[in-house]
Amino acid sequence: MVRRNDQRRAALVDGAIEVLARDGARGLTFRAVDAEAAVPAGTASNYFANRDDLLTQAGARVYERLQPDEATVTRHRTAERDRETYAELMRELVARVSSFRTGYLALLELRLEATRRPELRTVLTERVRADLDANVAYHLASGLPGDATAVKLLYLALNWLIVEQLTLPDVLTPQERDELVAAAVDRIVAAS
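Residues numbered from 1 in each chain as written. Predicted model: local features only at pLDDT ≥ 70, side-chain atom pairs only at ≥ 80, totals over all residues. Heavy atoms only, no water.

A. Looking closely at the packing of helix H4 (residues 51-66) against helix H7 (residues 101-114). Packing of H4 against H7 brings their axes to within 10 Å, and their N-to-C directions diverge by 140°. It follows that H4 is oblique to H7 by the angle criterion. Here H4 runs over H7; the crossing is left-handed. Taken together, the residues of H7 that come into contact with H4 (itself represented by Arg 51, Leu 55, Ala 58, Gly 59, Val 62, Tyr 63 and Leu 66) are Gly 103, Leu 107, Leu 110, Arg 111 and Glu 113. Looking at the contact of H4 with H7 residue by residue, the class counts come to 7 nonpolar, 2 polar and 3 charged. (Axes fitted to C-alpha atoms, helices over the stretch in contact; angles between N-to-C directions. Helix = DSSP H or I, 4+ residues; strand = E, 2+ residues; numbered from the N terminus. Parallel < 35°, antiparallel > 145°, perpendicular 65-115°, else oblique. Left-handed = near helix turned anticlockwise from the far one by under 90°. Contact = heavy atoms within 4.5 Å. Nonpolar A, V, L, I, M, F, W, Y, C, P; charged D, E, K, R; others polar.)

B. Molecular detail of the packing of aromatic side chains. Counted according to the given criterion, the structure contains 0 aromatic pairs. Above the plane of the ring of Phe 48 lies Arg 9, whose end atom (NZ or CZ) is 5.3 Å from the centre. (Phe/Tyr/Trp six-rings, centres within 6.5 Å; stacked < 30°, edge-to-face > 60°. Lys NZ or Arg CZ within 6 Å of the ring centre and 35° of its normal.)

C. Region of interest: the packing of helix H9 (residues 148-167) against helix H10 (residues 174-191). Axis separation between H9 and H10 bottoms out at 10 Å; the angle between their running directions is 165°. As judged from the angle between their axes, H9 and H10 are roughly antiparallel. Seen along the crossing, H9 lies across H10 with a hand that is right-handed. Residues Ala 150, Leu 153, Leu 154, Leu 158, Leu 161 and Gln 165 of H9 form the contact with H10, whose own contacting residues are Arg 177, Val 181, Ala 184, Val 185 and Ile 188. Partitioned by chemical class, the residues of the contact of H9 with H10 number 9 nonpolar, 1 polar and 1 charged.

D. Looking closely at the environment of Leu 112. With respect to the element layout, Leu 112 can be found in helix H7. Taking the relative accessible area as the measure of exposure, Leu 112 reaches 48% and is therefore partly exposed. The spacing of Leu 112 and Val 73 is 39 residues in sequence and 31 Å in space, taken between C-alpha atoms. (Buried < 20%, exposed > 50% of the residue type's maximum accessible area, 1.4 Å probe, protein only.)

E. Layout of the nonpolar core. Ranked by size, the top nonpolar core spans 52 residues in total, and within it Leu 12, Leu 20, Leu 28 and Tyr 86 carry the most contacts. Element by element, the count of residues in this core is highest for H9, at 8 residues. Once residues within four sequence positions are removed from consideration, Leu 28 is found in contact with Ala 16, Val 19, Leu 20, Val 33, Arg 51, Leu 54 and Leu 55. (Core = buried A, V, L, I, M, F, W, Y, C linked by side-chain atoms within 4.5 Å.)

F. Summary view of H9. With 20 residues, H9 extends 29 Å between its outermost C-alpha atoms, agreeing within 8% with the 28 Å of an ideal straight helix rising 1.5 Å per residue. Among all positions in H9, only Ala 150, Val 151, Leu 154, Leu 158, Leu 161, Ile 162, Val 163, Glu 164, Gln 165 and Leu 166 are buried. The inward-facing, buried residues of H9 contact helix H6 (83-99), H7, helix H8 (118-142) and H10. (Expected span 1.5 Å × (residues − 1).)

G. Region of the structure containing the pattern of salt bridges. Here the structure, examined in full by the defined rule, presents 15 salt bridges. Residue Glu 64 is joined to Arg 61 by a salt bridge in which the shortest nitrogen-to-oxygen separation is 2.5 Å. Residue Glu 64 and its partner Arg 61 are both found in helix H4; the two are separated by 3 residues, about one turn of the helix. Salt-bridge contacts for Arg 75 lead to Glu 92; the nearest nitrogen and oxygen are separated by 2.8 Å. With Arg 75 in helix H5 (residues 70-77) and Glu 92 in helix H6, this residue pair connects regions lying 17 residues apart in the sequence. (Salt bridge = Lys/Arg side-chain N within 4 Å of Asp/Glu carboxyl O.)

H. Quick peek at the environment of Leu 140. Within the fold, Leu 140 resides in helix H8. It is 9.2 Å that separates the C-alpha atoms of Leu 140 and Val 151, two residues lying 11 residues apart in sequence. When near neighbours in sequence (up to four residues on either side) are disregarded, Leu 140 contacts Gly 146, Asp 147 and Ala 148.

Encoded structure:
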């Protein structure tokens, strides 16, 4: 029987994110999640049907935690509709994602695990596609410069910039990262 204490479930899923980031998908066990969440042994098995369920919920929780807060959304809705605003939006996105280091590293682990688990691949593909479609739709409705292809190209470029920053942070200085974000927006949007 799967339990419904939402606070406990969130603590377990957050624990799973930390385990994924630290120990990888192979280290993700119910016992490891119980220990990370500081709950009695056997608790995770009462909340998740199986390991795949836990993996899937961990991925969903990362996306939930990466959403911008309402103040950020409001600020961007009222900002100018030019490339500089777009670059600032992308810099904030990179900073927000990078500040949740364990979440992004957990997502990378989930992506690697999805190459071996077709069910997880299906769920992640649907989630990432929906997220990308939502970003394109938001962008097109926002009036910012650039088209759907520009959004997808920036998505791909900035994802690797984030990977670089989280895994090898000394390759690029913070100033270089900011300049690269601005250059990516400028060049990709200008080409669209």
